[in-house]
Number of protein chains: 2
Amino acid sequence: MNKKVSLKDIAKRAQVSIATVSYVLTKGENSGIGYEVSEKVKKIAAELNYRPNQIAQSLRSGKSYIIGLIVADISNPFFANIARIIEDEAKKHNYTVVFGSSDENATKSSDLINLLVNRQVDGFIIAPTEGSQEQIINLKKQNIPFVLIDRHFPEIESNYVTINNYKAAFDVTNRLLDTGNSDIGLIAYSSDLHHMKERIRGYSEALEAKGIKVDNNRIKKVAFSNLIEDVYIKVRELLSAPKPVTAIFFTTNTLAIHGLKTIDKLNLKVPNDISVVVFDAAEAFDFYYCPITHIKQPLLKIGKQAIDILVNQINTPEKKYSKLNLKAILVEKDSCK
Amino acid sequence: MNKKVSLKDIAKRAQVSIATVSYVLTKGENSGIGYEVSEKVKKIAAELNYRPNQIAQSLRSGKSYIIGLIVADISNPFFANIARIIEDEAKKHNYTVVFGSSDENATKSSDLINLLVNRQVDGFIIAPTEGSQEQIINLKKQNIPFVLIDRHFPEIESNYVTINNYKAAFDVTNRLLDTGNSDIGLIAYSSDLHHMKERIRGYSEALEAKGIKVDNNRIKKVAFSNLIEDVYIKVRELLSAPKPVTAIFFTTNTLAIHGLKTIDKLNLKVPNDISVVVFDAAEAFDFYYCPITHIKQPLLKIGKQAIDILVNQINTPEKKYSKLNLKAILVEKDSCK
DNA sequence: TTGAAAGCGGTACCAT
DNA sequence: ATGGTACCGCTTTCAA
């Protein structure tokens, strides 16, 4: 078992002090160390395949150069894509990313945050779960920089990068209305998260703007914990009501995926039997027989901005919060009629 | 800016030594420290919201409890799913996962590995890229534990968890043969990676076993770097040859996704105009009008085993290598005729 | 130009 | 039962 080589090992071999080795290896040309010594040290370092121990550097500097990324589920394509973007952006700033999946569960989220705080991450990017307000407030109290993405808590001042959920939901609902649908159902998560409420509000106000009364029986909420079955039940309810809906707005891509499967199972055809719009894209939609009208989020921008804000905050902690509400775009396809 | 609280802070407040605080906080009941003092220390620690600095612990113990995960692309659902499983399994062993995407690029892979070695990760789980043999050998030289997944280098002794690519490819090709196809094209990556070669070998030997001569013009290889266009070109070539193929075997799900899009664009119908089989599943296939016969990998098992082997290796470095070749299963659907 | 030494936050051996 | 202290590997001040 060959132990890792440290500055001390190099110093011993080169017959110089540890400090000298450190200077040579970190300060490049203008280290103040003489040419001969420098060369010797460099040579030995290379021979020994020296690698600086970043744990020690971190302890010394108080900076870990690690960012904690907490999402609902890293295997969800939406978050996986964000993760990739964040990875790339973080790397540009010399940060490494550790990730954790909260499963939309506040306890798991709390455990993850604590774990990563102990690991001295320099900051967090978090898609916060319902009920995680305390955790977020605690981060603030501890002066640990963080940026919320995808969702945020309006009652808590913080950095965040989200999209204008209200507007996007309004627009996509309008699209259904414009194509002649006035009986529109909505499938949402049963969640108090602001972004979800905003999507519902967008839906509601779009209807009202056209003078249509919002029917709460048409706003269906499903539990994270029982997703597949719940979607199935709720979609059927919407379609078998005394006055069935002619269109459904799915407020996330995961909901849509299971919703579309339900629609298929019921032998209904989009858009002839039923119109459909979705918040978010999904690779799977590319293969659906009917191209799906949906809201497309600017993932790249979200990731870039989140990192930029975070790194900024890490470097200059006095700064005020950055609150970004990006525009999402409506991608019009063939699923509305 | 409130600094983080350390043992020293608690010691000062409690008027005891740092050592005492450490004992109380780490050794629980049988710390050897008296009840009164223990309680006082615990109380103050709680008040001050003390969090052990794991960087310091790591420096001291030489263990970071971090595992480096290197995949081709974390946003690829295959790897995102694996990542999630690895995250969960790692957590059971108290490990945190940092990840990096290599983009199938040996240089990036090397940079990532070096970065994470400097960060003192306790071990790696790697889906190695083409040309990364040197890096793997270096890890061995440095006695850094690692497990290869998805692919491995047969010429390098190491831990790995893969599936039996040859057998799976053989089986899935056989399925095409059994359903009456004898003119079968293959779309693969242009790569020397063993798993890809094994898939091609499975295809070839399945043909030969039925007395069909392998036509190298029907084995098409596409570049990672030019995926979409290349798939389009090669699929067209297969279909517009003097003797066109009646079936195509896509050796990964990403290839299949673009291949199916090409087939759609050419206005061909699966399976009537062309039969299709795929190595790996994809959520997108659920929405394809024709359910796709494919190879399903035991992702959960791969992730679990990879972590188990890795953690074992970390704890008992003398152990011999574990080489796992798991069984993949053939999921028969309707895309062959 | 070079080096001694303090210190980052813990842990654990050895005293007392 | 409690505490002094060395050490993990590195950086940086201060002195020589």
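Reference entry: report on the structure contained in this document. (Residues numbered from 1 in each chain as written. Chains lettered and ligands numbered in written order. Predicted model: local features only at pLDDT ≥ 70, side-chain atom pairs only at ≥ 80, totals over all residues. Heavy atoms only, no water.)

Focus on helix 2 (residues 18-27) of chain B
Residues and elements named next belong to chain B.
- For helix 2, every residue scored as buried is listed here: Thr-20, Val-21 and Val-24. All buried residues of helix 2 lie within an arc of 100° about the axis, which places them on one face of the element.
- Packed against the buried residues of helix 2 are helix 1 (7-14) and helix 3 (35-47).
- Backbone geometry just after helix 2 places Gly-28 at a positive phi near 60°. (Buried < 20%, exposed > 50% of the residue type's maximum accessible area, 1.4 Å probe, protein only. Helix = DSSP H or I, 4+ residues; strand = E, 2+ residues; numbered from the N terminus. Arc of directions from axis to C-beta. Contact = heavy atoms within 4.5 Å.)

With respect to empty space enclosed by the protein
- Counted under the stated rule, the structure contains three cavities of 30 Å³ or more.
- Considered as a void within the structure, the largest cavity measures approximately 150 Å³ in volume.
- Along the wall of the largest cavity there are 14 residues; nearest its centre are Ile-55, Ile-66 and Arg-119 of chain A together with Ile-55 and Ile-66 of chain B.
- Counting only elements with at least two residues in the lining of the largest cavity, the list comes to helix 4 (54-61) of chain A together with helix 4 (54-61) of chain B.
- The residue inventory of the lining of the largest cavity, partitioned by class, reads six nonpolar, six polar and two charged. (1 Å grid on protein atoms, 1.4 Å probe; cavity = no way out; pocket = protein on both sides within 12 Å on 5 of 7 lines; lining within 4 Å. Points joined across faces, edges and corners; volume = space filled by probe spheres on them. Nonpolar A, V, L, I, M, F, W, Y, C, P; charged D, E, K, R; others polar.)

Observations regarding the interface of chain B and chain A
- With 57 residues of chain B at the contact, the number on the chain A side is 58 residues.
- Of the roughly 5,100 Å² buried at the junction of chain B and chain A (both faces included), carbon and sulfur atoms supply 56%.
- Taken together, the connections running from chain B to chain A amount to six salt bridges.
- Between Asp-286 of chain B and Lys-261 of chain A there is a salt bridge, with the nearest N and O atoms lying 2.8 Å from each other.
- At the junction of chain B and chain A, the tally comes to 18 residue pairs in polar contact (both at pLDDT 80 or more). (Buried area = accessible area lost by both parts, 1.4 Å probe. Salt bridge = Lys/Arg side-chain N within 4 Å of Asp/Glu carboxyl O. Polar contact = N/O pair within 3.5 Å; in protein donor to acceptor, adjacent residues only side chain to side chain.)

Some thoughts on the environment of Val-270 of chain B
Residue and element names in this part refer to chain B.
- By the element assignment, Val-270 lies in the loop between helix 11 (253-265) and strand 9 (275-279).
- Owing to a relative accessible area of 5%, Val-270 belongs among the buried residues under this scheme.
- In sequence terms Val-270 and Ala-247 are 23 residues apart; their C-alpha atoms lie 9.4 Å from each other.
- If near-sequence neighbours (up to four positions away) are discounted, Val-270 is found in contact with Ile-263, Val-276, Tyr-288, Tyr-289, Cys-290 and Ser-335.

With respect to the packing of aromatic side chains
- For the structure on display, the rule yields 13 aromatic pairs over all chains.
- Pairing Phe-78 of chain A with Phe-79 of chain A gives two aromatic rings, centres 5.1 Å apart and planes at 75°, and the pair type is edge-to-face.
- Under the relative-accessibility criterion, Phe-78 of chain A is labelled buried at 9%.
- Between Tyr-288 of chain A and Phe-287 of chain B, the ring centres sit 5.3 Å apart and the planes meet at 80°, which makes this aromatic pair edge-to-face. Taken together, the residues span two chains, with Tyr-288 of chain A in the loop between strand 9 (275-279) and strand 10 (293-296) and Phe-287 of chain B in the loop between strand 9 and strand 10 (293-296).
- Exposure remark for Tyr-288 of chain A: the relative accessible area of 4% places this residue in the buried category.
- Judged by relative accessible area, which is 4%, Phe-287 of chain B ranks as buried.
- Three or more aromatic residues joined by ring pairs form one cluster here, namely Phe-287 of chain A together with Tyr-288 and Tyr-289 of chain B.
- The aromatic ring of Tyr-166 of chain A is capped on one face by Arg-201 of chain A, whose charged end is 3.9 Å from the ring centroid.
- Here the basic side chain of Lys-63 of chain B rests over the ring of Tyr-65 of chain B, its NZ or CZ set 4.3 Å away from the ring centre. (Phe/Tyr/Trp six-rings, centres within 6.5 Å; stacked < 30°, edge-to-face > 60°. Lys NZ or Arg CZ within 6 Å of the ring centre and 35° of its normal.)

Focus: the protein's contact with DNA strand C
- Thr-20, Ile-33 and Gly-34 of chain A together with Tyr-23 and Arg-60 of chain B are the nearest of the 28 residues found near DNA strand C.
- Counting only the atoms of DNA strand C within 4 Å of the protein, the fraction contributed by sugar and phosphate is 63%.
- Measuring from a phosphate oxygen of DNA strand C, one finds a side-chain N or O atom of Lys-27 of chain B at 3.4 Å.
- Asn-53 of chain B places a main-chain nitrogen or oxygen 3.2 Å from a phosphate oxygen of DNA strand C.
- Where the surface near DNA strand C is concerned, the elements lending two or more residues are helix 2 (18-27) and helix 4 of chain A together with helix 1, helix 2 and helix 4 of chain B.
- In terms of residue count, the dominant contributor to the surface near DNA strand C is helix 2 of chain B (six residues). (Near = heavy atom within 4 Å.)

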